[in-house]
Amino acid sequence: MNITRVAIDGPSGAGKSTLARNAARTLGYLYVDTGAIYRTIGCYAWSRRLDPKDGAVMEAALPDIHVDLSYGEDGLQRMGLNGEDVTEKIRLPEISLLASAVSAHPCVRSFLLGMQRDLARKNSVIMDGRDIGTVVLPDAEVKIFLTASPEARAKRRFLELEQRGTPAPYEQVLREIQERDWNDTHRAIAPLRQAEDAILLDTTDLDFEESRKALIHLIEERAGA
Ligand code: DC
C-alpha cells in the first residue's frame, strides 16, 4: 500500500486545522493536529501551576505526563492526559500561550517527536503544525506552508470566539496572534519556517471554500492522488 504524507505548516489562525481536517476527510487520509499535542502538555503545566517557560521544570515533569491521541467514533481526534479526556479543555484561550511556551523547550519537542512520526508510519496522513515539513516528516511527499496576514487571521479568530460565546476584543486577539507568531518563529529549536521544498498557500484573500479547493488541488497534484 502506498503511503502519502502531507505536511502542513503555518502560523496560528491560518485555518490549518479546519482546512486540513476537511481535506483529509475528502481524500480518506488520517488527520493529525500536532498543535493539540503541545496544547495537552500546556494543559498539564496549567493544571499543576508549573511555569511553562522554565525548561528545567518542564523536563522534570515529563516522566509524569502520559499523552494519548485517539480518534472518536465521529473520526475526530481526541486528546487524553493521564487518563483524562482534555479534548475540550485544550481549546481554552489561556492554553494557547502556555502551549506556545512549553513548545519552545527541546526536551518537550523530542518527547513528542516519536509519537508524531509513528502516526505517519502506518497511515496516509495530513499532519499540521509548525515543524512538520522541516523536522517531523522531512521526507513528506507533499509540503504546504499555509499562511495569511496577521490581520486576516485575527479577524477570523475574533469571529470564531464570538460564535463560540467567548468573545474577546479584536485588538487583544491580534496582539496574541502577533505574540505567538513571534514566539513560534524565534525559538531556538524547530522554529516555524517554510521548508525549502514547501509550496506557499496564502489564504489572506480567499474564503473558506476557495482555500479548501486550492489545498485539495495542491495535494492531488503533488501526490498524484
Ligand atoms: O496549532 P496550535 O495553535 O493549536 O498550536 C499550539 C502551539 O503549539 C503553537 O503556539 C506552537 C506549538 N506547536 C509547535 O511548536 N509545533 C507544532 N508542530 C505544533 C504546535
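Residues numbered from 1 in each chain as written. Predicted model: local features only at pLDDT ≥ 70, side-chain atom pairs only at ≥ 80, totals over all residues. Heavy atoms only, no water.

Chemist: Before we move on, can you summarise the side chain of Thr 134 with the specific residues and values?
Modeler: Relative to the helices and strands, Thr 134 resides in helix α6 (residues 132–136). A polar contact is formed between the side chain of Thr 134 and the backbone oxygen of Asp 131, at a distance of 3.4 Å. Here Thr 134 is in contact with Asp 9, Arg 193 and Ala 195, once residues within four sequence places are set aside. (Helix = DSSP H or I, 4+ residues; strand = E, 2+ residues; numbered from the N terminus. Polar contact = N/O pair within 3.5 Å; in protein donor to acceptor, adjacent residues only side chain to side chain. Contact = heavy atoms within 4.5 Å.)

Chemist: Tell me about the site of the ligand, and please be specific about residues and values.
Modeler: Within the structure, the ligand sits among 15 residues, and Arg 39, Arg 109, Arg 130, Arg 180 and Arg 187 are positioned closest to it. Note that an oxygen atom of the ligand is positioned 2.8 Å from one of the side-chain N or O atoms of Arg 109. Calculation on the ligand without its partners gives an accessible area of 440 Å², and the protein chains cover 97% of this total. Contributions of two or more residues to the shell around the ligand are made by α2 (34–47), α4 (93–102) and α8 (170–186). Sorting elements by how many residues they give to the shell around the ligand places α2 first, with four residues. When the residues that make up the shell around the ligand are grouped by side-chain class, the tally is three nonpolar, five polar and seven charged. (Near = heavy atom within 4 Å. Areas by Shrake-Rupley, 256 points an atom, 1.4 Å probe, with all protein chains shown as cover. Nonpolar A, V, L, I, M, F, W, Y, C, P; charged D, E, K, R; others polar.)

Chemist: I'd like a rundown of the sheet that holds strand β2 (residues 30–33), residues and numbers included.
Modeler: One open sheet holds the five strands; their spatial order is β2-β6-β1-β7-β8, and the pairing between them is parallel. The open sheet is flanked by β2 and β8 (199–202), the only strands paired with a single partner. Neighbour-to-neighbour, the strand axes of this sheet turn through a mean angle of 20 degrees, independent of strand direction. One ladder, built from four bridges, connects β2 with strand β6 (residues 125–129); its direction is parallel. Bridge pairing in β6 links Asp 33 to Asp 128. Lying on the sheet, helix α5 (residues 106–122) is in contact with β1 (5–9), β2 and β6; it crosses β6 at an angle near 155 degrees. (Pairing = 2+ DSSP bridges. Axes fitted to C-alpha atoms, helices over the stretch in contact; angles between N-to-C directions.)

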